[in-house]
Amino acid sequence: MKSVVAIFDFDGTLTRGDSLIRFLWYYFTPLVFFRNTLLSIPALVKYVFGLIDNNVAKERIFTLFFTGVHQDEFVTKARFFSDSVLSTLLKSELIQRVKWHQQLGHRCILVSASIEDYLMPWAEKVGFSKVISTKIAVNNSRRLTGKFLGKNCYGAEKVRRVKEYLGSLDPFVLYVYGDSRGDKELLEIADHPFYRSSTTERNYP
């Protein structure tokens, strides 16, 4: 008998809105947040018009905000954010869906383009067996370079990393929950794709 794996996206699927934006707002003063947001506009415009991909655009924005920040400071604030803010963003009906899978003995995996440092503490409390997400790069002085360690976990990269973790997908029945273009490739490998719905299988773009 095949074992069941339930794969959940985070932003927009388990949460209302984007957690990275909330993290930036939590981390920095309003002055720094708005200044760097304005400086991010060129990258956002290029992304909207297809001149750069999601990985490049997000990394440029991350570079503006975090280059030179010490890893200890970043990890500490990420954990405080996870403990104090993430719970206010959650969709209760989707969290119930996670619990439903867990009660049936299904393995639950969180797959997200969000930052591992604030996702991991929350996911461990909720009982996810694995977190697959975007990792940050640090230099020899343990300061953030502004770059990601590997690719932003988005689109086809989500599928690549799920396969890297699970190996062959043949032994599994996959439930996948997503809400955006960044989940399209992941939804395509699902036996049971759920797009913007906690209980009903639906088509996706």
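This text follows the structure it describes.
Residues numbered from 1 in each chain as written. Predicted model: local features only at pLDDT ≥ 70, side-chain atom pairs only at ≥ 80, totals over all residues. Heavy atoms only, no water.

S.K.: Run through the nonpolar core, naming residues and quoting values.
M.R.: Core analysis: the largest hydrophobic core is formed by 41 residues, its most contacted members being Phe8, Leu14, Phe66, Phe74 and Trp122. Residue contacts for phenylalanine 74: discarding those within four places in its chain leaves Phe23, Tyr27, Phe62, Phe66, Val69, Ile115, Asp117, Ile136 and Leu144. Core analysis: the second largest hydrophobic core is formed by 17 residues, Cys153, Leu166, Phe172 and Val176 among them. (Core = buried A, V, L, I, M, F, W, Y, C linked by side-chain atoms within 4.5 Å. Buried < 20%, exposed > 50% of the residue type's maximum accessible area, 1.4 Å probe, protein only. Contact = heavy atoms within 4.5 Å.)

S.K.: Which residues make up the sheet that holds strand E7 (residues 192–195), and what values go with them?
M.R.: Strand order in the open sheet formed by five strands is E3-E2-E1-E6-E7, and the pairing between neighbours is parallel. The sheet is open, and its two borders are formed by strand E3 (130–134) and E7, each paired with just one other strand. Direction aside, neighbouring strands of the sheet carry axes that sit 15 degrees apart on average. Two elements, strand E2 (residues 107–115) and E3, share four bridges in a ladder whose sense is parallel. Opposite leucine 110, over in E3, you have valine 131 as the bridge partner. (Pairing = 2+ DSSP bridges. Helix = DSSP H or I, 4+ residues; strand = E, 2+ residues; numbered from the N terminus. Axes fitted to C-alpha atoms, helices over the stretch in contact; angles between N-to-C directions.)

S.K.: I'd like to hear about the side chain of serine 112, residue by residue, with values.
M.R.: With respect to the element layout, serine 112 can be found in strand E2. Within the structure, serine 112 has its side chain in polar contact with the backbone nitrogen of serine 114 (distance 2.9 Å). (Polar contact = N/O pair within 3.5 Å; in protein donor to acceptor, adjacent residues only side chain to side chain.)

S.K.: Account for the packing of helix H1 (residues 19–27) against helix H2 (residues 30–39), naming residues and giving values.
M.R.: At a closest axis distance of 7 Å, the pairing of H1 and H2 adopts a crossing angle of 135 degrees. One way to sum up the angle between H1 and H2 is to call them oblique. Two secondary-structure elements touch here, H1 through Ile21, Leu24 and Trp25 and H2 through Pro30, Phe33 and Phe34. The residue inventory of the contact of H1 with H2, partitioned by class, reads six nonpolar, no polar and no charged. (Parallel < 35°, antiparallel > 145°, perpendicular 65-115°, else oblique. Nonpolar A, V, L, I, M, F, W, Y, C, P; charged D, E, K, R; others polar.)

S.K.: Would you mind going over helix H5 (residues 71–84) in detail, with residue names and values included?
M.R.: In this model, H5 (14 residues) spans 20 Å end to end at C-alpha, consistent with the 20 Å of a helix rising 1.5 Å per residue. If you check which residues of H5 are buried, you get Phe74, Ala78, Phe81 and Ser82. Projection of H5 onto a plane perpendicular to its axis shows the buried side chains occupying an angular sector of 100 degrees, all on one side. Check the buried side of H5 and you find it contacts H1, helix H4 (54–66), E2, helix H7 (116–126), strand E4 (136–138) and strand E5 (144–148). (Expected span 1.5 Å × (residues − 1). Arc of directions from axis to C-beta.)

S.K.: A description of the pattern of salt bridges should follow, citing residues and the corresponding values.
M.R.: If you walk through the whole model with that rule in mind, you get nine salt bridges. In this structure, the salt-bridge partner of aspartate 183 is lysine 158, at a minimum N-O distance of 2.5 Å. Separated by 25 residues along the polypeptide, aspartate 183 in the loop between strand E6 (172–178) and helix H9 (184–188) and lysine 158 in helix H8 (residues 156–166) bring together distant segments of the chain. Taking relative accessible area as the criterion, lysine 158 reaches 2% and is therefore assigned buried. Of the charged contacts, one joins arginine 181 and glutamate 185 as a salt bridge, the two residues approaching to 3.2 Å between their closest N and O atoms. Within the structure, one salt-bridge network assembled from shared partners comprises Asp9, Lys158 and Asp183. (Salt bridge = Lys/Arg side-chain N within 4 Å of Asp/Glu carboxyl O.)

S.K.: So what's going on with the state of the cysteines? Which residues, and what values?
M.R.: Within this structure, the stated rule accounts for zero disulfides. No disulfide involves cysteine 108; its nearest neighbouring cysteine sulfur is the one of cysteine 153, lying 17 Å away. Residue class for cysteine 153 comes out buried when judged on its relative accessible area of 0%. (Disulfide = S-S within 2.5 Å.)

S.K.: Kindly report on the side chain of asparagine 36, identifying the contributing residues and their values.
M.R.: One can find asparagine 36 in helix H2. The exposure class of asparagine 36 is buried, given its relative accessible area of 3%. The contacts of asparagine 36, once residues within four sequence positions are left out, are Leu64 and Phe65.

S.K.: Can you lay out the environment of lysine 77 for me, pointing to particular residues and giving the numbers?
M.R.: When you line up the elements, lysine 77 lands in helix H5. By relative accessible area, which is 29% here, lysine 77 ends up partly exposed. With 69 residues separating them in the primary sequence, lysine 77 and phenylalanine 8 have C-alpha atoms 24 Å apart. If we ignore the near neighbours within four places in the chain, the residues touching lysine 77 are Phe23, Tyr26 and Tyr27.

It is worth stressing that arrangement in space is one thing and function is another; only the former is reported here.
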